Structure formats: structure tokens, C-alpha cells
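Here are the chains, one letter per residue:
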Amino acid sequence: QLQLVLMVVALLAVPLLLIPKPLLAYLDSRKKQAYATVPPAAGSIEITHARSGDDAEADADEEEEEGEHDEDLSEVVVHQVIHTIEFVLGSISNTASYLRLWAL
């Protein structure tokens, strides 16, 4: 019975390691996008100013950063998959080492 419980706990640990961090990163990026796309209120006055060369460069940098946010989510997913695989392989390796020592 104990072996079955431990096996179920180990199997449940894999999705718990794999899913939460990318999911939270995705929800965070959606929240940031929602705040970024809020339209101005009706009747509000828009203030515009002439853009200098520095402002245009800053806008270009902001657009590059927005593109990086999309890549960041994929990087988070890949990073989390790598850590999950390391966890599973480490668990298997530790179990195999323990069984070899126990067999001696």
C-alpha cells in the first residue's frame, strides 16, 4: 500500500512541476497586455507632443521588449520542461542507486 501511495505522489509531482510556472507566466502576460490596451475614456483629452529622435528610439526599444515578452513565455515553458525532466531522471537514478545498494 505504501509503495502505491508513493508512486502516485511521484506521478502527481510531474504535472505539478510542469504546469504552474508557465501558466502563471501566461496569465501575467495576459494581464499586462490587458492593461496596455485599455482605450482612453470618452471625452478625455489626448496630449501629444513632437517626437524627437530619442523618443522614436525609446518607442522602438519598447516594441522590441514586447516581442521579448512573447519569447519569454516560450523560454519559461522550455526551462520548466528541462527542470521536470531533470527531476524525473534524478528520481529514477536515485531509486536505481538505492536498489543497487540494497541488493548488496
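Residues numbered from 1 in each chain as written. Predicted model: local features only at pLDDT ≥ 70, side-chain atom pairs only at ≥ 80, totals over all residues. Heavy atoms only, no water.

(A) Highlighting the overall build of the chain. Helix and strand counts for the chain come out as three helices and zero strands. Mapped in sequence order, the helices and strands of the chain form the string α-α-α. Burial statistics for the chain: of 104 residues in total, 4% are counted as buried. Carbon together with sulfur atoms contributes 65% to the accessible area of the chain, which is approximately 9,200 Å² in total. (Helix = DSSP H or I, 4+ residues; strand = E, 2+ residues; numbered from the N terminus. Buried < 20%, exposed > 50% of the residue type's maximum accessible area, 1.4 Å probe, protein only. Areas by Shrake-Rupley, 256 points an atom, 1.4 Å probe, with all protein chains shown as cover.)

(B) Seen up close, the confidence of the model for the chain. For the chain, per-residue confidence averages 78 on the pLDDT scale, and 66% of positions sit at 70 or higher. When mean pLDDT is taken per element in the chain, helix α1 (residues 2-18) scores highest with 91 and helix α3 (residues 53-103) scores lowest with 77. (pLDDT = per-residue confidence, 0-100.)

(C) Highlighting a nonpolar patch on the surface. Taken together, the side chains of Leu18, Ile19, Leu23, Leu24, Tyr26, Leu27, Val77, Val81, Ile85, Leu89 and Ile92 make up a nonpolar region of the molecular surface, amounting to roughly 950 Å² of accessible area. For the nonpolar patch, the secondary structure elements donating two or more residues are α2 (20-36) and α3. For the nonpolar patch, the leading source of residues is α3, giving five residues. Mapped onto the elements of the fold, Tyr26 is located in helix α2. The class of Tyr26 is partly exposed, set by a relative accessible area of 37%. (Patch = residues over 30% accessible without salt bridge, like charges linked within 9 Å, V, L, I, M, F, W, Y side chains within 5 Å. Salt bridge = Lys/Arg side-chain N within 4 Å of Asp/Glu carboxyl O.)

(D) Quick look at the side chain of Gln80. Counting through the fold element by element, Gln80 comes out in helix α3. Side-chain polar atoms of Gln80 contact the backbone oxygen of Leu17, separated by 2.6 Å. Here Gln80 is in contact with Leu17, Leu18, Lys21 and Pro22, once residues within four sequence places are set aside. (Polar contact = N/O pair within 3.5 Å; in protein donor to acceptor, adjacent residues only side chain to side chain. Contact = heavy atoms within 4.5 Å.)

(E) Examining the pattern of salt bridges more closely. Considering all chains together, one arrives at one salt bridge under this definition. The salt bridge involving Asp28 is made with Lys32; its shortest N-O contact spans 3.6 Å. In this pair, Asp28 and Lys32 are both assigned in helix α2, four residues apart and thus about one turn of the helix distant.

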